[in-house]
Each structure stands twice: as C-alpha cells, then as structure tokens.
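Given next are the chains, with one letter for each unit.
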Amino acid sequence: MTSITLGRRGLASLAAALGIAGTATAQPAWPRGPVRFIFPFTPGSAVDVVARLIAQDLAERLGQPFIVESRTGAGGSIGTEAAARARPDGDTFLVGSPGNMAINPAMMPNLTFDVSRDFAAVTHLVTFPQVLVVSPNLPARTLTELVAYSKANPGRLNYASSGVGATNHLAMEMLRAATGLEATHIPYRGGLVTVQAILSNDVQMCVEGILTLPPFLAENKVRAIAVTGATRSHLLPDVPAVAETVPGFDAGAWVMFFAPAGTPPAIIEKLSAETRTSLAKPGIRARLAELGATVTGTTPEEAATIHRQELLKWRRAVEVSGAAAG
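Rules and cut-offs
Residues numbered from 1 in each chain as written. Predicted model: local features only at pLDDT ≥ 70, side-chain atom pairs only at ≥ 80, totals over all residues. Heavy atoms only, no water. Axes fitted to C-alpha atoms, helices over the stretch in contact; angles between N-to-C directions. Helix = DSSP H or I, 4+ residues; strand = E, 2+ residues; numbered from the N terminus. Parallel < 35°, antiparallel > 145°, perpendicular 65-115°, else oblique. Left-handed = near helix turned anticlockwise from the far one by under 90°. Contact = heavy atoms within 4.5 Å. Nonpolar A, V, L, I, M, F, W, Y, C, P; charged D, E, K, R; others polar. Buried < 20%, exposed > 50% of the residue type's maximum accessible area, 1.4 Å probe, protein only. Phe/Tyr/Trp six-rings, centres within 6.5 Å; stacked < 30°, edge-to-face > 60°.

(A) Examining the packing of helix α4 (residues 98-107) against helix α11 (residues 300-321) more closely. Relative to each other, α4 and α11 sit at 50 degrees, their axes nearing to 8 Å. Compared by their axis directions, α4 and α11 come out oblique. Considering how the two elements wind past one another, α4 and α11 form a crossing that is right-handed. Together, Pro98, Met101, Ala102, Ile103, Pro105, Ala106 and Met107 of α4 and His307, Glu310, Leu311, Trp314, Arg315 and Val318 of α11 make up the contact between the two elements. Taken together, the residues that form the contact of α4 with α11 break down as 10 nonpolar, 1 polar and 2 charged.

Here you go:
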C-alpha cells in the first residue's frame, strides 16, 4: 500500500513538474523567424546606420534575420503608420527619431495613428549632437557674443535649415527662444545645402549634424559655436555645449526602438536587453563613436519616460516656430 501511495505521490509530483515545465515552454520563443525594423526615412543617414549595425549584431547572436526595411514617404509618417498597424507579435518594430516620433505628431494633427497610444517604447539607443555653426566672417566666437551681435544688428542675420519642421530648424527655434538670438529662417531642401548656403554668403549660420562638418571646420569655412546636445561631443571636445550657457538645453537627435502596442512585454524586454548587449560591445561602441553618437541603452520604462519628455519638448518647439505641415 505504501509503495502504491508513494507511487501516486510521485506521479502527482511528476505531473505537477511537467505541468510547470509545459507552462514555461508554452511561452513563445523569440525570435521565431525574421524580424524587421521599419525605418521610415531614406536609407543612408546616421540613424539608418545605427539601426543596421544593431540589426546585424542581433542576427549574428540570435540566429534569425533582423532586417531594416525602408518605408519612406510623408515625412516618415507612412513607415510609422505601417509599424503602428503591424501585428504585435514581435516580428515588427519601428526605428524612431525626433522627426517621426515627436515632431510629426506636433505638426500633423490629422495623423491616423497616435505615437503614445499605438506604440510601446523598447529602448533609447543613442543621441547624435547637432552643432551651431556660423560664417567665419562674423565676429562672434561664442554663443553669448553671437546673441549680442544679433541684437546689435537686427535684421542682418539669417539661418538655414533643411526644411520647415526639420530637426535643425526646430533646434534653432529652441535656441532662439532660450537666448533671444535674432535671425530669420531660410528653409532649404536637404542637409549639406545649409552649409553651402553659408559658404555662398546667403545665410550666416545653421544647425547641422556633426558628421557633415569636420572638412568645413578644418578648412575654416565655418566656425563651430556650440553643440546642441546636453554635453560636449567627443568629436569636438573644444566646442562648448549650449547647456553651458543655457542650463538644461538639449536638442540632440536620438534613435529609439518602438514596438506596436500590444506586443508581449516579455518580447519587448528581450529586445531591449539584447540591444543593450549589442551597444555594450567594444566594436559597436567604437563604430558609434566614429559617427559621433552618444550611447545610452535603456530599459523600456526609461525609454518611455524619455519619449514622453521628448514629445513635450518638440511640441513646444513647433509651437514657438509656428511651423505647420505643408
């Protein structure tokens, strides 16, 4: 009788153990197959390079293809909407930056998606500083001197951007609001055109991505006044951050991963952790340093907090600038 009783107990224990094991193994493994990151802008930008660098490392370590898929149009809204409408099964994510995940929502009231409701933040990867540069013909060598010169010479200064509502346009408007800098906006199409506008004396200043500037700085064709990120850039260590003059100022361009709302939290946590593992690798950090990026790497909760703050910040910039979608 005792042996039978023990047997039943043993079977019960075995069944319970199998039940627990079955529950654990019932959780879907991730990744199950190819994973795509929708990138809603034209390939080749620094943001695109970051996404592809991480995707390649994830593929090598996790044994499934990680594909960066460009889905362009409508200032990034087409690709962003496609990601919002994707099945929340862990097969599709979005590469987010200020343009599609903070500026467009402020400028385009008729978007068919809500970036706060339709997405869950996964991780904040990096931030790229931008740089305020001026014509070397200007006497100003510091931000304080530039502001003073603009006020002493009203109507004489123009600044270029790559378009109304572009990150560099709104960063300059943030700066103008914070310092009283007086300058008229001249929008162009494209990034490098803004620097060319300084070289041709059509404008006297612009905010531009840090990677495009070293050749012009080396030849003294433009002068770097300040970095728009929260801290100095390792690529331009002698150029002060705007925050050194205006405490708390930060208009860096960030890269974040987002998941369609409803994606299982376990998958979001897994992608966040694996991305942070990629960002910690010396080879990847070295490549990102070459690009001028400041590596962050955050938990989903931290990323969500950052995104909420960025939504408010860029919305205020849009309001100050008077920018509206054309």
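That shown, we press on.
(B) Molecular detail of the environment of Pro215. Within the secondary structure layout, Pro215 lies in helix α8 (residues 214-218). By relative accessible area, which is 47% here, Pro215 ends up partly exposed. Once the C-alpha coordinates of Pro215 and Ser150 are considered, the two residues, 65 residues apart in sequence, prove to be 27 Å apart.

(C) Here's a closer look at the packing of aromatic side chains. For the coordinates displayed, the defined rule picks out 7 aromatic pairs. On the numbers, 6.0 Å between centres and 45 degrees between planes, the contact of Phe37 with Phe93 is tilted. A residue pair is termed long-range when its members are at least 10 positions apart, and Phe37 in strand β1 (residues 35-39) and Phe93 in strand β3 (residues 92-96) qualify at 56 residues. An identical accessibility class is assigned to Phe37 and Phe93; each is buried. When the ring of Phe39 is compared with that of Phe41, the centres are 6.0 Å apart and the planes differ by 70 degrees; the resulting orientation is edge-to-face. Owing to a relative accessible area of 1%, Phe39 belongs among the buried residues under this scheme. Among the aromatic side chains, those forming a connected cluster through ring pairs are Trp30, Phe37, Phe66, Phe93 and Phe257.

Bear in mind that shape data such as this cannot, by itself, settle questions of function.
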